[in-house]
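Take a look at the letters that make up each chain.
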Amino acid sequence: MWTFTSDPEEFAAVAEPFLLGDPVGNTVPLTVLANLRAGHPADAAFFAWWTAGGQVRAAAFRTPPAPLSLTRMPAEAVAPLVEALGGDLPMVVGPVEVTAEVVRLLGEPDRTVSERLYRLGALAVPSVPGRGRLAGPGDFPLMVSWYQAFGAEVGLGEAHDVAERVAQRVAGRELFVWEAEGVPVSVAGLGRAAGGVCRVGPVYTPPSCRRKGYGAAVTAYASEVALAERCEQVVLFTDLDNPTSNAIYRSIGYEPVSDHAHLTYAGSRSPATAG
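All of the points below concern the structure found in this document.

Parameters at a glance
- Residues numbered from 1 in each chain as written.
- Predicted model: local features only at pLDDT ≥ 70, side-chain atom pairs only at ≥ 80, totals over all residues.
- Heavy atoms only, no water.
- Helix = DSSP H or I, 4+ residues; strand = E, 2+ residues; numbered from the N terminus.
- Phe/Tyr/Trp six-rings, centres within 6.5 Å; stacked < 30°, edge-to-face > 60°.
- Buried < 20%, exposed > 50% of the residue type's maximum accessible area, 1.4 Å probe, protein only.
- Salt bridge = Lys/Arg side-chain N within 4 Å of Asp/Glu carboxyl O.

What about unusual backbone geometry?
- The step from Pro-64 to Pro-65 runs through a cis peptide bond, and the omega angle for that step is 5 degrees.
- As for its position among the elements, Pro-65 is in the loop between strand S3 (55-62) and strand S4 (68-70).
- The linkage connecting Gly-201 with the following residue, Pro-202, adopts the cis geometry, with an omega of -5 degrees.
- Relative to the helices and strands, Pro-202 resides in strand S10 (residues 197-204).
- Of note in the backbone geometry, Ala-44 takes a positive phi value of approximately 60 degrees without being a glycine.

In structure tokens, the structure reads:
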């Protein structure tokens, strides 16, 4: 049975123990809860959990305009969720075995982005000229432009107002830059710790600065800071269609955990009429 609420603390009281059972796999919902507790807005958000046999066995949530996010769940939990939402799932992200069930119910999406979750094993710091540092207020205009460029490049857009989001991340000490000869050449975000896990992302290097190791260097630097000051484990997501970034992260010690998919439907669909 699915239960819905607009209150993140009501959701957390019931579902957080389930989420903490796999803090790596559930890095997204746990980070969202941490951000909401830190004061991030959640207008029109909803949260849901699936109970079977008296236990929470799945969770889902949406903080618009971000996608509907799904945890691992039994296959039989997916159809009741889709039905409860009236087939209104314009964007969905979750483990591939769960999103495959969404596709079976709603038909092929207009776009699928395949992603992989990685967890840091033994960090291998690359030898790259330059230095890493925390981004500060003086970096704000550049960070906004890089966030906009990253969103345009990946084609999924930024889930929040870009300037507002960058301001939050700078104030929260969540953005790190790599400098070469005193000039910023790459950026990596580092989310707040949740369940002992920090998530790196986004990582962006402008085209003119690529193929010089800066993305690997800034990711390794942010990962070092995370382990030294903030959390016990570090994770990140990659686009599986980008072999370069996947190779880079593997080269500095990140190891595959699970595959995920980001589905986009142009319009709402009904499970009764899909197909």
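That was the structure; now back to the text.
Here's the deal with the packing of aromatic side chains
- All told, the structure shown has nine aromatic pairs when counted by the stated rule.
- For the ring pair Trp-2 and Trp-50, a centre distance of 5.8 Å and an interplane angle of 55 degrees mean the geometry is tilted. Within this pair, whereas Trp-2 is found in strand S1 (residues 2-5), its partner Trp-50 is found in strand S2 (residues 46-52), the two being separated by 48 residues in sequence.
- Taking the relative accessible area as the measure of exposure, Trp-50 reaches 11% and is therefore buried.
- Judged by centre distance (6.1 Å) and plane angle (50 degrees), the ring pair of Phe-4 and Phe-46 falls under tilted. With a gap of 42 residues between them, Phe-4 in strand S1 and Phe-46 in strand S2 connect regions that are remote in the sequence.
- When its relative accessible area of 35% is taken as the criterion, Phe-4 is described as partly exposed.
- Each residue in the set Phe-11, Phe-47, Trp-49 and Phe-61 is aromatic and connected to the rest through ring pairs, giving one cluster.

Thoughts on the pattern of salt bridges
- As enumerated under the stated definition, the model contains eleven salt bridges in all.
- Its salt-bridge partner being Glu-9, residue Arg-37 comes within 2.9 Å of it at the nearest N-O pair. Of this pair, Arg-37 sits in helix H2 (residues 27-37) while Glu-9 sits in helix H1 (residues 8-20), and the two are 28 residues apart along the sequence.
- Its relative accessible area of 44% is what places Arg-37 among the partly exposed residues.

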